Amino acid sequence: MLPDLDKLREYYAEAPSDIRLEDVDLDRIPSHVSVIMDGNGRWATARGLDRSRGHVAGVDSLREAVTTSVRLGLDVLSVYAFSTENWRRPQREVDLLMHLFATTLVNELPLFHQENVRLRFLGDLDGLPDKTRRVFQSGLDATRDHTGMTFALAVNYGSRAEIARAARQIAREVRAGTLSPDQVDESALAERLYTRGLPDPDLLVRTSGELRLSNYLLWQLAYTEFYVTDTLWPDFSRWDLLRAVASYQGRARRFGGVVGS
Ligand code: FPP
């Protein structure tokens, strides 16, 4: 998608000393950026606040990330909000997060309409509380006809479970005779993942300095460039996303081949 230059310059006025809009090549903006939003708890604890306050502050960062991604002209922004392992957190924190996901979606629907953003969910929505699932479904319905950026929210998502689910589906189709074993190739598997139809991420951003994937998009990240920042998610701003894109543009992507061949 082509960025609106005037809006973008205004949005990125008053630059900090280390990064400016001119540092990125607007003709080479990644199509799909994915983010592991991490560090909400540490952000809150460092301020003597309850962890939940970190998640609430994280909503503001997420709103800014969506707006920034639209302004930059991304095709897809995906974010990891809740993993299949996150159910192990204290019940109070899980309840707060489920509530926050639902209220945020309702509150942000006008933004999605204004910016023509289409919603997607990655993960097993059947495992969510009824209210959260209902709100997610209405968000899907309300944005189905939008033609701008796709915003994909990974909730109750685990990559190994996703791949196992795709394999199970393939096995059933083979047993039913609707798919032959010879047709089981990479694209057959990719089409049965939650990310069906989306391009693989070009750039993965992880905040709060952790160097691990945490069971996130293991299949889809095969050739993705990684950018890890020590910035905690609630402090992540439009400038951090610009830094990540500038870093990405400085890499030579080889996809297993040789540069320039
Ligand atoms: C990781 O920080 C963050 C989460 C598990 C939840 C992500 C949720 C948000 C950013 C809130 C807004 C999201 C939506 C979709 C409305 P952590 O709690 O693991 O932080 P820590 O590693 O410092 O403990």
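- For the protein, the name recorded in an unreviewed UniProt entry is Isoprenyl transferase, with Thermophilibacter immobilis as its organism.
- The UniProt entry for the protein carries the following comment under Subunit (unreviewed entry): "Homodimer."
- Looking at the protein in UniProt, the text filed under Sequence similarities (unreviewed entry) is "Belongs to the UPP synthase family."

1. Quick look at the packing of aromatic side chains
Next up, step 1: Applying the stated criterion across every chain, the model contains twelve aromatic pairs.
Next up, step 2: A ring pair is formed by Phe 112 and Phe 151, whose centres lie 5.9 Å apart and whose planes are at 40°; its orientation type is tilted. Taken together, the positions of Phe 112 in helix α4 (residues 91–114) and Phe 151 in strand β4 (residues 150–157) put the pair 39 residues apart, joining distant regions of the chain. Note on accessibility: Phe 112 and Phe 151 belong to one class, buried.
Next up, step 3: Taking the centre distance of 6.2 Å and the plane angle of 65° together, the rings of Tyr 157 and Tyr 194 count as edge-to-face. A residue pair is termed long-range when its members are at least 10 positions apart, and Tyr 157 in strand β4 and Tyr 194 in the loop between α7 (186–190) and β5 (203–206) qualify at 37 residues.
Next up, step 4: Classification of Tyr 157 by relative accessible area gives buried; the value is 0%.
Next up, step 5: On the accessibility criterion, Tyr 194 (15% relative accessible area) is buried.

2. Comments concerning the site of the ligand
Next up, step 1: Around the ligand, the surrounding shell holds 18 residues, and the nearest of these are Asp 38, Gly 41, Arg 42, Arg 51 and Arg 89.
Next up, step 2: Separating an oxygen atom of the ligand from a backbone N or O atom of Arg 42 is a distance of 2.7 Å.
Next up, step 3: Arg 51 has a polar side-chain atom sitting 2.9 Å from an oxygen atom of the ligand.
Next up, step 4: Surface burial for the ligand is 92%, taken as the share of its 620 Å² of free accessible area covered by protein chains.
Next up, step 5: Among the elements of the structure, α2 (40–46), α3 (51–72) and α4 are those that each provide at least two residues to the shell around the ligand.
Next up, step 6: In terms of residue count, α3 provides more of the shell around the ligand than any other element does, four residues in total.
Next up, step 7: Here the shell around the ligand is composed, by residue class, of eight nonpolar, six polar and four charged.

3. Describing unusual backbone geometry
Next up, step 1: The backbone phi angle of Asn 116 is positive, close to 60°, even though this residue is not glycine.
Next up, step 2: Note that Asn 116 resides in the loop between α4 and β3 (118–122).
Next up, step 3: A positive phi is found at Leu 217, a non-glycine position, where the angle reads about 45°.
Next up, step 4: With respect to the helices and strands, Leu 217 occurs in the loop between β5 and β6 (225–228).

4. Some details on a positive patch on the surface
Next up, step 1: A contiguous patch of positive charge on the surface is contributed by Arg 165, Arg 168, Arg 172, Arg 175 and Arg 196.
Next up, step 2: When you line up the elements, Arg 175 lands in helix α6 (residues 159–176).
Next up, step 3: Overall, Arg 175 belongs to the exposed group, its relative accessible area being 72%.

5. Description of the pairing of strand β2 (residues 76–83)
Next up, step 1: Within β2, eight of the eight residues are buried, which leaves the element mostly enclosed by the surrounding structure.
Next up, step 2: Two elements, strand β1 (residues 32–36) and β2, share five bridges in a ladder whose sense is parallel. Pairing of Val 33 across the sheet is with Leu 77, part of β2.
Next up, step 3: Here β2 pairs with β4 via seven bridges, running parallel. Across the sheet, Leu 77 pairs through a bridge with Phe 151, a residue of β4.

Thresholds, definitions, all that
Residues numbered from 1 in each chain as written. Predicted model: local features only at pLDDT ≥ 70, side-chain atom pairs only at ≥ 80, totals over all residues. Heavy atoms only, no water. UniProt positions renumbered as here; feature names shortened; annotations may be inferred. Phe/Tyr/Trp six-rings, centres within 6.5 Å; stacked < 30°, edge-to-face > 60°. Helix = DSSP H or I, 4+ residues; strand = E, 2+ residues; numbered from the N terminus. Buried < 20%, exposed > 50% of the residue type's maximum accessible area, 1.4 Å probe, protein only. Near = heavy atom within 4 Å. Polar contact = N/O pair within 3.5 Å; in protein donor to acceptor, adjacent residues only side chain to side chain. Areas by Shrake-Rupley, 256 points an atom, 1.4 Å probe, with all protein chains shown as cover. Nonpolar A, V, L, I, M, F, W, Y, C, P; charged D, E, K, R; others polar. Patch = residues over 30% accessible without salt bridge, like charges linked within 9 Å, V, L, I, M, F, W, Y side chains within 5 Å. Salt bridge = Lys/Arg side-chain N within 4 Å of Asp/Glu carboxyl O. Lys, Arg positive; Asp, Glu negative; His and termini not counted. Charge placed at Lys NZ, Arg CZ, Asp CG, Glu CD. Pairing = 2+ DSSP bridges.

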